Amino acid sequence: MTIDRARELLQVQAGFGGFYNANSAKLILAEVTREHGQTAVDALIRDLNLESIFGFKPGTRFEGGLAIRDGA
């Protein structure tokens, strides 16, 4: 998945907000992590303001449907 495609999909999920959309966003970010690394995920979180929408913070690792924050 390209970063641009991930951004498009995440914008849709962020537009709806909510629990189920947060789960979808986690799966998208997990895919971005596998293909592009943590730096790309952190940039998407910042650019799309996913911290205020879903509570995702830069540095959070996404593995499958899990969001893992180191030290939390």
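These remarks concern the structure in this document. (Residues numbered from 1 in each chain as written. Predicted model: local features only at pLDDT ≥ 70, side-chain atom pairs only at ≥ 80, totals over all residues. Heavy atoms only, no water.)

**Points about the overall build of the chain**
A count of helical and extended segments in the chain gives four helices and two strands. When the helices and strands of the chain are read in sequence order from the N terminus, they spell out α-α-α-α-β-β. The globule rule puts the C-alpha radius of gyration for 72 residues at 11 Å, and the 11 Å found for the chain is close to it. Viewed in the frame of its principal axes, the chain has a C-alpha envelope of about 30 × 25 × 20 Å. Across the 72 residues that make up the chain, the buried fraction comes to 33%. Considering only intrachain contacts with a sequence separation of at least 6, the fraction spanning at least 24 residues in the chain is 49%. As displayed, the chain has an accessible area near 4,200 Å², and 53% of this comes from carbon and sulfur atoms. (Helix = DSSP H or I, 4+ residues; strand = E, 2+ residues; numbered from the N terminus. Rg over C-alpha atoms; globule rule 2.2 N^0.38 Å. Buried < 20%, exposed > 50% of the residue type's maximum accessible area, 1.4 Å probe, protein only. Contact = heavy atoms within 4.5 Å. Areas by Shrake-Rupley, 256 points an atom, 1.4 Å probe, with all protein chains shown as cover.)

**Focus on the environment of Gly17**
Here Gly17 shows up in the loop between α1 (3-16) and α2 (19-36). Look at Gly17 and you get buried, because its relative accessible area is 12%. Contacts of Gly17, omitting those with residues within four sequence positions, involve Ile53 and Phe54.

**Focus: the packing of aromatic side chains**
To describe a pair of aromatic rings, you give the distance between the ring centres and the angle between the ring planes. Using the criterion set out here, one finds three aromatic pairs in the structure. Ring centres of Phe19 and Tyr20 lie 5.4 Å apart, and the angle between their planes is 75°; on these two criteria the pair is classed as edge-to-face. Assigned by exposure class, Phe19 and Tyr20 land together as exposed. With 5.4 Å between their ring centres and 35° between their planes, Phe54 and Phe56 make a pair best called tilted. (Phe/Tyr/Trp six-rings, centres within 6.5 Å; stacked < 30°, edge-to-face > 60°.)

**With respect to the side chain of Lys26**
Relative to the helices and strands, Lys26 resides in helix α2. Within the buried core, Lys26 has no salt-bridge partner, and the shortest N-O distance to an opposite charge, that of Glu63, equals 13 Å. Leaving out residues up to four positions away in the same chain, Lys26 has contacts with Phe56, Phe62, Gly64, Gly65, Leu66 and Ala67. (Lys, Arg positive; Asp, Glu negative; His and termini not counted. Salt bridge = Lys/Arg side-chain N within 4 Å of Asp/Glu carboxyl O.)

**Description of the nonpolar core**
With 18 residues, the main nonpolar core has Leu10, Leu29, Leu44, Leu50, Phe54, Phe56 and Phe62 as its most contacted residues. For this core, the secondary structure elements donating two or more residues are α1, α2, α3 (38-47) and α4 (50-54). Per element, the largest residue contribution to this core is six residues, and it comes from α2. Sequence-distant contacts of Leu29, defined by excluding residues within four places in its chain, comprise Leu10, Val41, Leu44, Leu50, Phe56 and Phe62. (Core = buried A, V, L, I, M, F, W, Y, C linked by side-chain atoms within 4.5 Å.)

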